[in-house]
Structure formats: C-alpha cells, structure tokens
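# Overview (structure and organization)
So the chains spell out like this:
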Amino acid sequence: MTDMTPIPPARGCGDAPVLKQRGQREVFCGLTGIIWLHRKMQDAFFLVVGSRTCAHLLQSAAGVMIFAEPRFGTAIMEETDLAGMADAQEEIDREVGRLLARRPDIRQLFLVGSCPSEVIKIDLSRAAERLSQIHAPHVRVLNYSGSGIETTFTEGEDACLASMVPVLAHTDARQLMLVGALPDVVEDQALSLLAAMGIENVQVLPARRRSDTLAAGPNTVFAVMQPFLGDTTAALERRGARHIAAPFPFGDEGTTAWLAAIATEFGVDAETFARVTDAPRARARKAIAAAAETLDGKSVFFFPDSQLEIPLARFLTRECGMQALEVGTPFLHRQLVGPDLALLAEGPVISEGQDVDLQLDRARAARPDISVCGLGLANPLEGEGLTTKWAIELVFTPVHFYEQAGDLAALFARPLRRRALLAKGAA
Ligand code: SF4
C-alpha cells in the first residue's frame, strides 16, 4: 500500500530532553481503572482488598449508584487485620467463597491490592492461585495491584491486563490482537474498519467475556489502543507476540497512521485502504475543523495524569492549531509513545513524573490558555483565572478513532468557549 505515514516536523520531540521530577504528585491511584474495566468485562468482579478510603474512592470517583448487584466491591481491612491479628488469607477465602456462592454469574475474579494490603504485605498472588484451584474451572482468579504506592490512575488497567497475559492460551495462528479497554461502540468501529480491509482473526484484550477465548503466541501481532499499557506490552512480548508501533488513534491523522501500520503488516493494498478510510476521514476532518476554530492559536499545558498527554498534544498541535507549552506525563514509555513524540514539533517542555509545586510555578509563569490536569488542581487553577480541562474526562469519554475525533477536539474547545462567554458576561 502507499505510504500513509504522517509527515514529521523538521525537528520533533523524539530526542528532546525530558525534565524528570519526583516529588508530591496529584494523581488518582490505579484503583480508578476498575470504574471502566468492570463495564468492559461483563462477567468479571473486582474485589479490592483495602480500606474504607479505597471503597469511598471507588464509589465517589465512579460517581455511580450502588446497584443491587455491583461488579466491584471492597473487602474492608479492619484494625485487627492491620495489626496482623487476623489471618488475612483465611478471611479472603471466606469472603470470596461467600461472594461466588451468591454470584454464579462471576467467571473472572480480580483480587486488587491497595496501599493497606501492600503495607501489611498480604500475598494476593498466593491467594489468587489457591482460590483459582478451589473455584476452577467455573471461575478464574487473578490478582494485580491498584495501590497508590505502586500505581497511578491508568496504570491500574495496565496492571490488570498484564495479569491476564500469562493465562492466555497458546496459539501459533497468525492473528491480530488489539490491546486496551475501550467502550464497546468504539471498539466495534475499529473492528469494522479492520474487517472492511479484509483483516480477519482479530482479538481484543480484554475480551468482553471470559468465554471469548483469547490466545497469544509467536505469530500474534498486537496494536495498542492506550498509551499507558507498558507492562501489558512487555507481557505480550514475553509470550512471543510482536508490537506494531504506531501513533495512537486520536484524530484523523493518528487514526489513519494507526490503521495504516496494521494494514501494512497485513498487506492491505492502497486502494482498499482508501476505500475503507476516505469517508470516515472526511467526517473526522470536518468535525475537528468545527472545534479547531476555537482552539487555533491557543496554548495548552498538560499536567501528568492519564499518560494520554503526548498523543493528545500531538493531536492538538497538528490537527487543531494549538501550541503545547509543557507536556507532562506520569511515565514515558518510549516504545509506545515514540511515534507520537516524533510527530510533536519541538518546543514544549517534555516532563516525566511530577513535583507539583514546581510544576504549578511553571504553569503560572506560562499562563496557558488551557491546562489539562487532575480534579485536585483544576479548582485552584480556575480560581487563579486559568482555564482547565479535567484529564479524567479524557479517559471516561469515547475519544478514539474517526467518529470520536470531533468530540475529542470539542472536549478542549468547550472550556475555552465557556471562559470566553463568562468574560463577555462580566464585561
Ligand atoms: Fe487511597 Fe491507596 Fe486505597 Fe488508592 S489504594 S484509595 S491511594 S488507600
């Protein structure tokens, strides 16, 4: 097929120096991922072994009602547990036994570690192994950590998916695996574009149900849909699968480049590629242009939060006419975001990690038109007259692929329009 690779800037950020800082950080812990993962995996249950704080985080950050039969819960650790006076392993067995007796619909159970379970060193991998043996074959029990000591925000999904990779079946079949939990409707769009190109044998990790058997092996190639899946990528490579490097599918350009990398891998010809992508590309471009009227010429400052920052900066600068001042990310997985970094024109500070006070000073000095940050920083910054966008919305809102490209741009345009209206009203 013809080369659909985007034209890089004269000097990209691929070799740009990275400002690395370690200090106080303002990011949710990895338990947050349960909020979208429980919706995606319809027969899974997430049992957090944690404190009342963890339970409150899930309920308030999720903003969900407590349904009659929810698919996540917290095994609350009491003071006797923390003092080591109770046998935690026995209690986990008892709680899991009760839960599974009540809920035969559960086919996969994740024991999720938290700060308290880590501090007192409850061995959840031993618990998962033992419980798997007790409850197999009906239920598979896995474990991962969502603790704030070990993980930030989106790393919870990475840890969860990485925990599933070693138990995937083995296959020698030539196949494509898409990796990342996206809303079903968005995932279906990607699958239908690939099917229209004639790419068959496509799997998605995580599968919607455990019965959708997934397998990996030396003839598996995989494309990642979220930039925070570094551990999952490494785990798949250990299974012999090969990563298809590409920019992330945000906007017209990112989506086209991501699809083109897969199409090239599977030998799709240029005519077929154009036939499948021309119409949705045109729709995406039109939708982006509507929001870009507000974004063009405006500056953006990313605080590190979701790890989506580098691909989003690439989208906003190249497709919406914005100028990036600083692009902060909690972790910089070069293998995953390298293609996006190379497309981002040099200029912004690229920072990894956070010392929040120093970064706030940089934002105040730069006075960006919009700051992308976590909930904890948004209110103080708004109070100082800076316009903000909650980074968490970028994870909860469908923003991938062509049909969502306009919505993605609009997420950034909306706060700017609101600020302009308020300024007009005050004048
Ligand atoms: Fe807080 Fe840690 Fe529980 Fe997350 S895992 S809610 S950071 S105590």
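Below you will find a few notes about this structure. Keep in mind that this is a model prediction, so the values were computed, not measured.

Calculation rules
Every chain is numbered on its own, with residues counted from 1 as its sequence reads. Only residues with pLDDT of at least 70 get local features here, since the model is predicted, and only at 80 or more are side-chain atom pairs given and counted; chain-wide, interface and lining totals rely on the full set of residues. With hydrogens and water stripped out, all remaining heavy atoms of the structure feed into the side-chain values. Here a strand is any run of E in DSSP of at least two residues, a helix any run of H or I of at least four, and the numbering for each starts at the N terminus. This radius of gyration counts C-alpha atoms alone. The globule rule is 2.2 Å times how many residues there are, raised to the power 0.38. Accessibility here uses a 1.4 Å probe with only protein chains present; expressed as a share of the type maximum, an area under 20% marks a residue as buried, one over 50% as exposed, and anything in between as partly exposed. Note on definitions: a residue-residue contact is assigned when non-hydrogen atoms from the two residues lie within 4.5 Å. What sets the accessible areas is the Shrake-Rupley method with a 1.4 Å probe; for residues, cover comes only from the shown protein chains. Positive charges come from Lys and Arg alone, negative charges from Asp and Glu alone, with His and the N- and C-terminal ends not counted. A charged residue contributes its charge at one atom only: NZ of Lys, CZ of Arg, CG of Asp or CD of Glu. Working definition: residue near molecule or strand if any one of its non-hydrogen atoms lies within 4 Å of it. Under the scheme applied here, ten amino acids are nonpolar (Ala, Val, Leu, Ile, Met, Phe, Trp, Tyr, Cys and Pro), four are charged (Asp, Glu, Lys and Arg), and all others, including Gly, are polar. Pairing between two strands is assigned when DSSP locates at least 2 bridges connecting them. Only C-alpha atoms enter the line fits that serve as axes; for helices the fit covers just the stretch in contact. Angles between N-to-C directions range over 0 to 180 degrees. Multiply 1.5 Å by the residue count of a helix minus one, and that product is the helix's expected span. Any angle from 65 to 115 degrees is called roughly perpendicular, while one under 35 is roughly parallel, one over 145 is roughly antiparallel, and all others are oblique. When the near helix sits turned anticlockwise from the far one by under a right angle, the crossing is termed left-handed; a clockwise turn instead gives a right-handed crossing.

Once that is clear, we can look at the overall build of the protein chain. Helix and strand content of the protein chain: 17 helices and 16 strands. Computed over the C-alpha atoms, the radius of gyration of the protein chain is 22 Å, within 12% of the 22 Å expected from 2.2 N^0.38 for a compact globule of 427 residues. For the C-alpha atoms alone, the extent of the protein chain along its principal axes is close to 60 × 55 × 40 Å. Every one of the 427 residues in the protein chain was classed for burial, and the buried ones make up 55%. Contacts spanning at least 24 positions in sequence make up 77% of the contacts within the protein chain whose residues lie at least 6 apart. Counting every atom, the protein chain has about 17,800 Å² of accessible surface; 53% of that belongs to carbon and sulfur. For the protein chain, the centre of its 42 positive side-chain charges and the centre of its 53 negative side-chain charges are spaced 3 Å apart.

Near the ligand, the surroundings consist of Cys-29, Leu-31, Cys-54, Leu-57, Ser-114, Cys-115, Ser-147 and Gly-148. Among the residues making up the shell around the ligand, the classes are represented as 5 nonpolar, 3 polar and no charged.

What follows covers the sheet that holds strand β10 (residues 220–224). If you walk across this open sheet you meet the 4 strands as β8-β7-β10-β11, and the pairing is parallel. Every interior strand has two partners, whereas the edge strands, β8 (202–205) and β11 (242–243), have only one. Two strands pair when backbone bridges link them, and strand β7 (residues 175–179) and β8 are joined in this way by 4 bridges, in the parallel orientation. Within the sheet, the bridge partner assigned to Leu-178 lies in β8 and is Val-204.

Across a sheet, strands are paired by hydrogen bonds formed along the backbone, either parallel or antiparallel in direction. Read across the sheet, 6 strands follow the order β1-β14-β13-β12-β15-β16 without closing on themselves; strand pairing throughout is parallel. Two strands close off the open sheet at either side, each with one partner strand: β1 (18–22) and β16 (388–390). Taken pair by pair, the neighbouring strands of this sheet meet at an average axis angle of 20 degrees, ignoring direction.

The linkage connecting Ala-136 with the following residue, Pro-137, adopts the cis geometry, with an omega of 0 degrees. Along the chain, Pro-137 falls in the loop between α6 (124–135) and β5 (140–145). Put simply, Leu-205 and Pro-206 share a cis peptide bond, and its omega is 10 degrees. Note on placement: Pro-206 falls in the loop between β8 and β9 (215–216).

Here we come to helix α10 (residues 251–265). In this model α10 runs 21 Å from its N-terminal to its C-terminal C-alpha over 15 residues, within 8% of the 21 Å that 1.5 Å per residue would give. Taken across its 15 residues, α10 has 13 buried, putting it largely inside the fold. Where α10 ends, the next residue or the one after it, Gly-267, has phi of about 70 degrees, a positive value.

Between helix α4 (residues 88–102) and α6, the shortest axis-to-axis distance is 11 Å and the interhelical angle comes to 40 degrees. Between α4 and α6, the angle falls in the class oblique. Between α4 and α6 lies a crossing whose hand is right-handed. Residues Gln-89, Ile-92, Asp-93, Val-96, Gly-97 and Leu-100 of α4 lie in contact with α6, whose contacting residues are Leu-124, Arg-126, Ala-127, Arg-130, Leu-131 and His-135.

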